[in-house]
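So the chains spell out like this:
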Amino acid sequence: GENVEQHPSTLSVQEGDSAVIKCTYSDSASNYFPWYKQELGKGPQLIIDIRSNVGEKKDQRIAVTLNKTAKHFSLHITETQPEDSAVYFCAARYNFNKFYFGSGTKLNVKP
Amino acid sequence: NAGVTQTPKFQVLKTGQSMTLQCAQDMNHEYMSWYRQDPGMGLRLIHYSVGAGITDQGEVPNGYNVSRSTTEDFPLRLLSAAPSQTSVYFCASRPDRGENTEAFFGQGTRLTVV
């Protein structure tokens, strides 16, 4: 199977600063890497994803980078806002049917 | 559009009791799955289904049964609940086995086994 490690477990930043969350995966067969945001009491919501044949993808203030050689991928949030405060999960898809999730990062954006 | 609906939202069981967690989606998605979320461990796949009549095991299937008689519904059954099954359970769905399909998650069921 796959093993996904995520760091840090908690991250506190000032409003307007950038936040970076990093994940590593173990199996080179994994080919799709989504990121989810989970607000308190709700289910995870997909915020951005990247395929293994792409190195970087951006969507407004959010970007994801992937280094296949090193088997790691990162989430970058710029100009953070208080509403970005949530738990963020990375995941790796191992074959079409199985997703393996990281342990989550609790992001706190201080006003 | 209701999306993915899970019931109940909260449940307390005694050890040894059985129950079924319900999951329904109204998006005609082929793929449905069940995850459990424990503190510090992210989400772990319990069972999944790629279509009506087809189910398979995920990462942590022991103690859980599933069936998929219709496209819309994917119930998760606990036959004899144990305290180790105390967790938050999420159901998810996506259209097909395509490479970049989004997973839609339900709101979760918080289960406590005492």
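The structure reproduced in this document is the subject of the present report. Quick caveat: nothing in here was measured; it's all calculated off a predicted structure. Every chain is numbered on its own, with residues counted from 1 as its sequence reads. All chains are assigned letters beginning at A, and all ligands numbers beginning at 1, according to the order in which they are written. Reporting in this predicted model follows two pLDDT cut-offs: at least 70 for local features of residues, and 80 or more for side-chain atom pairs to be given and counted; totals over whole chains, interfaces and linings ignore these cut-offs and use all residues. The basis for the side-chain values is all heavy atoms of the structure; hydrogens and waters are excluded.

**Observations regarding the overall build of chain B**
What counts, and what does not: Strands are runs of DSSP state E lasting at least two residues, helices are runs of H or I lasting at least four, and both sets are numbered from the N terminus onward. Between the two quantities, the radius of gyration covers C-alpha atoms and the globule rule is 2.2 Å times the number of residues to the power 0.38. Should any heavy atoms of two residues lie within 4.5 Å, those residues are counted as being in contact. Only the protein chains shown count as cover for residues, and the accessible areas themselves come from Shrake-Rupley with a 1.4 Å probe. Think of it this way: Lys and Arg go in the positive column, Asp and Glu in the negative one, and His and the chain ends go nowhere. Where a charge lies is defined by one atom per residue type: Lys uses NZ, Arg uses CZ, Asp uses CG and Glu uses CD.
The number of helices and strands found in chain B is zero helices and 11 strands. Ordering the α and β elements of chain B from the N terminus gives β-β-β-β-β-β-β-β-β-β-β. The C-alpha atoms of chain B give a radius of gyration of 13 Å, which matches the 13 Å a tight globule of 114 residues would have. Dimensions of chain B along its principal axes, counting C-alpha atoms only, are 40 × 30 × 25 Å. Expressed as a percentage of contacts within chain B between residues at least 6 apart in sequence, the contacts between residues at least 24 apart total 53%. Taken as a whole, chain B presents about 5,300 Å² of accessible surface, with 49% of it coming from carbon and sulfur. Separation between the mean location of the 9 positive side-chain charges and that of the 10 negative ones in chain B comes to 11 Å.

**A word on the sheet that holds strand β7 (residues 62-67) of chain A**
Sheets are built from strands that pair by backbone hydrogen bonding, the pairs being arranged parallel or antiparallel. Residue and element names in this part refer to chain A. What counts is decided by this rule: Here a strand pair is declared whenever DSSP counts at least two bridges between the two strands. Axes, fitted as lines to C-alpha atoms, cover a helix only where it is in contact. Angles between the N-to-C directions of the axes lie from 0 to 180 degrees.
One open sheet holds the five strands; their spatial order is β1-β3-β8-β7-β6, and the pairing between them is antiparallel. The sheet is open, and its two edges are formed by β1 (4-7) and β6 (56-59), each paired on a single side. When strand polarity is set aside, the average angle formed by the axes of neighbouring strands in this sheet is 15°. Two strands pair when backbone bridges link them, and β7 and strand β8 (residues 72-77) are joined in this way by six bridges, in the antiparallel orientation. Residue Ala63 lies in a different strand from β8, and its bridge partner there is His76.

**Structural notes on the pattern of salt bridges**
Residues and elements named next belong to chain A. Stated precisely, the cut-off is as follows: Salt bridge, as used here, is a side-chain nitrogen of Lys or Arg placed within 4 Å of a carboxyl oxygen of Asp or Glu. Relative accessibility under 20% of the residue-type maximum defines a buried residue, over 50% an exposed one, and the middle range a partly exposed one, all with a 1.4 Å probe and only protein chains included.
Applying the stated criterion to the full structure yields six salt bridges over all chains. One salt bridge in this structure joins Glu39 and Lys42, with 3.6 Å as the shortest N-O distance. Residue classification places Glu39 among the partly exposed positions, given a relative accessible area of 32%. The partly exposed category is assigned to Lys42, whose relative accessible area is 40%. Through salt bridges that share partners, Lys37, Glu39 and Lys42 make up one connected network.

**Remarks on the state of the cysteines**
Residues and elements named next belong to chain A. Basically, it comes down to this: Criterion for a disulfide: a pair of cysteine sulfur atoms within 2.5 Å.
Counted according to the given criterion, the structure contains two disulfides over all chains. Bridging Cys23 to Cys90, the disulfide has an S-S length of 1.9 Å. The sign of the -100° torsion about the S-S bond sets the Cys23-Cys90 disulfide as left-handed. Of the two residues, Cys23 is situated in strand β3 (residues 19-25) and Cys90 in strand β9 (residues 86-94); the sequence distance between them amounts to 67 residues. Neither Cys23 nor Cys90 differs from the other in exposure class; each is buried.

**Things to note about the environment of Ala19(A)**
Within the secondary structure, Ala19(A) sits in strand β3. For the pair Ala19(A) and Ser52(A), spaced 33 residues apart in the sequence, the C-alpha separation amounts to 23 Å.

**Concerning the pairing of β1(A)**
All names here are of chain A. The two faces of β1 differ: Val4 and Gln6 on one face are buried, but Glu5 and His7 on the other face are not. Summarising the sheet, β1 and β3 pair through four bridges and their orientation is antiparallel. When the bridges of β3 are listed, His7 appears paired with Lys22.

**Points about the sheet that holds strand β7 (residues 64-66) of chain B**
Residues and elements named next belong to chain B. As summarised here, the arrangement of the four strands in space is β1-β3-β8-β7, forming an open sheet in which the pairing is antiparallel. Among the strands making up the open sheet, the edge pair consists of β1 (4-7) and β7. Sheet twist, expressed as the mean angle between neighbouring strand axes with direction ignored, is 20°. Pairing of β1 with strand β3 (residues 19-25) involves four bridges; the strand directions are antiparallel. Bridged to Val4 within β3 is Gln25.

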